[in-house]
Amino acid sequence: MPQLDESLLTHLPPFSKLERRQLRTILDQASSRRYEPGTAIFEEDAPAERFYLLLDGYVRVVRVTPTGEQVTALHIPAGQLMGFAKAIGRQTYPATAITATESIALSWPMRLWETFAAEYEGFSTETYKTVGTRLGEINNRVVEISTLQVEQRVASALLRLIHQTGRKVPDGIEIDFPITRQDLSEMTATTLHTVSRLLSAWEKKGMVESRRKRIKVLDPRALAAISEARIE
DNA sequence: TCATTAAATCGGA
DNA sequence: TCCGATTTAATGA
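These numbers come from a predicted model, not from an experiment. (Residues numbered from 1 in each chain as written. Chains lettered and ligands numbered in written order. Predicted model: local features only at pLDDT ≥ 70, side-chain atom pairs only at ≥ 80, totals over all residues. Heavy atoms only, no water.)

### Brief notes about the protein's contact with DNA strand C
Going by this rule: Residues are labelled near a given molecule or strand when at least one of their non-hydrogen atoms is within 4 Å of it. Polar contacts here mean pairs of N or O atoms no more than 3.5 Å apart (in protein, one a potential hydrogen donor and the other a potential acceptor; neighbouring residues in sequence count only if both atoms are side-chain atoms). Counting from the N terminus, the helices are the DSSP runs of H or I reaching at least four residues and the strands are the DSSP runs of E reaching at least two. Lys, Arg, Asp and Glu make up the charged group, whereas Ala, Val, Leu, Ile, Met, Phe, Trp, Tyr, Cys and Pro make up the nonpolar group; the residues left over, Gly among them, are polar.
Lining the immediate surroundings of DNA strand C are Thr180, Arg181, Leu192, His193, Ser196, Arg197, Ser200, Arg212 and Lys213. Sugar plus phosphate: this is where 48% of the atoms of DNA strand C within 4 Å of the protein reside. At a separation of 3.2 Å, a base oxygen of DNA strand C approaches a polar side-chain atom of His193. Side-chain polar atom of Ser196 to a phosphate oxygen of DNA strand C: 2.4 Å apart, as the coordinates give it. Per-element tally for the surface near DNA strand C: the top contributor is helix α7 (residues 192-204), with five residues. Across the surface near DNA strand C, the residue classes tally to one nonpolar, four polar and four charged.

### What to know about the pairing of strand β8 (residues 103-109)
Where a strand is regular, its side chains alternate between the two sheet faces. The condition is simple: Three labels apply to residues, based on accessible area from a 1.4 Å probe with only protein chains included: buried if under 20% of the type maximum, exposed if over 50%, partly exposed otherwise in between. If DSSP finds at least two bridges between two strands, the strands pair.
Of all the seven residues making up β8, six are buried; the element is thus mostly covered by neighbouring parts of the structure. Pairing of strand β1 (residues 31-35) with β8 involves five bridges; the strand directions are antiparallel. Each bridged residue has a counterpart across the sheet, and for Tyr35 the counterpart in β8 is Ser103. As paired strands, strand β3 (residues 50-56) and β8 are joined by six bridges and run antiparallel to one another.

### Remarks on the side chain of Thr96
Put simply, the rule is: The contact definition used throughout considers only heavy atoms, calling two residues in contact when any of these lie within 4.5 Å.
On the secondary structure map, Thr96 appears in strand β7 (residues 96-99). On the accessibility criterion, Thr96 (9% relative accessible area) is buried. A distance of 2.9 Å separates a polar atom in the side chain of Thr96 from the backbone nitrogen of Glu44. If we ignore the near neighbours within four places in the chain, the residues touching Thr96 are Ala40, Phe42, Glu43, Glu44, Arg60, Val61 and Val62.

### Regarding the pattern of salt bridges
What counts is decided by this rule: A side-chain nitrogen of Lys or Arg and a carboxyl oxygen of Asp or Glu constitute a salt bridge if their distance falls within 4 Å.
Counting across every chain of the model gives 14 salt bridges. The partner of Glu6 in a salt bridge is Arg24, with the nearest N and O atoms 3.3 Å apart. Here Arg24 lies in helix α2 (residues 20-28) and Glu6 lies in the segment before α1 (7-10), a separation of 18 residues in the sequence. Neither residue differs from the other here; Glu6 and Arg24 are each classed as buried. As a salt-bridge pair, Asp183 and Arg60 come within 3.5 Å of each other at their nearest N and O atoms. Note that Asp183 is positioned in helix α6 (residues 181-188) and Arg60 in strand β4 (residues 58-64), a separation of 123 residues in sequence. Considered together, Asp183 and Arg60 belong to a single accessibility category, that of buried residues.

### Observations concerning the UniProt feature "domain: Cyclic nucleotide-binding" (unreviewed entry) in chain A
Rules: UniProt positions are given in the numbering used here, feature names are shortened, and annotations may be inferred rather than shown by experiment.
As annotated by UniProt and renumbered to match this structure, "domain: Cyclic nucleotide-binding" (unreviewed entry) occupies residues 14-102. Secondary structure across residues 14-102 comprises 10% helix and 40% strand; the distance between its end C-alpha atoms is 23 Å.

### Thoughts on unusual backbone geometry
Even without being a glycine, Asp45 presents a positive backbone phi close to 70°. Among the structural elements, Asp45 can be located in the loop between β2 (40-42) and β3.

Next comes the structure, spelled out in structure tokens:
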């Protein structure tokens, strides 16, 4: 295991209030691993033995429905903690985490969670903030799926993606990892065909630009307009 | 309005 | 070239 540098953590919210010496202790207890795209970092219902910090890349959090379809709950960008089942009172992981890109993650044994929370200032408040944010997001999605029309759902899913994981490019914002129509349809409870048709239509209007596994939003405001209530 | 089915085409290893 | 991704059209709920 190569020596990890404290600067990896200093700017991340859960660790930002800590001293160099404390970061050293934390890093010395961490394992670091690199993952190929499409690898499961941890799986739904498996015993939650470790918690993770995504250092680089993007991770898709998916659940499998009783009928066997995958549902993408959310995407996690680099710099966030994941798999902290203990923090929400679970012994198993609530979902599967699959890398969307090549990724690097640190992990610690779950038994250290309490130690971290107790000893490191800001650690638990910051992580509870992310829990809250994610929960709110998932809640919104549940509401959206039952109340909005497909076009609105896909539009808001795209907006959420560029908001969380977008990368600014000269003429718009691009989703920073490979994403298929199928993925988008799983996030919005529709079919890849419908997503494909919507993207084509939006592309004609100059709102988005897409190629295989890449989507770029040129006109977020137009998307926002679609996502807002519009019953015709 | 949208899912489903079927078929054709595209694009990247 | 092969195979998954994507598009398009037709049909029915």
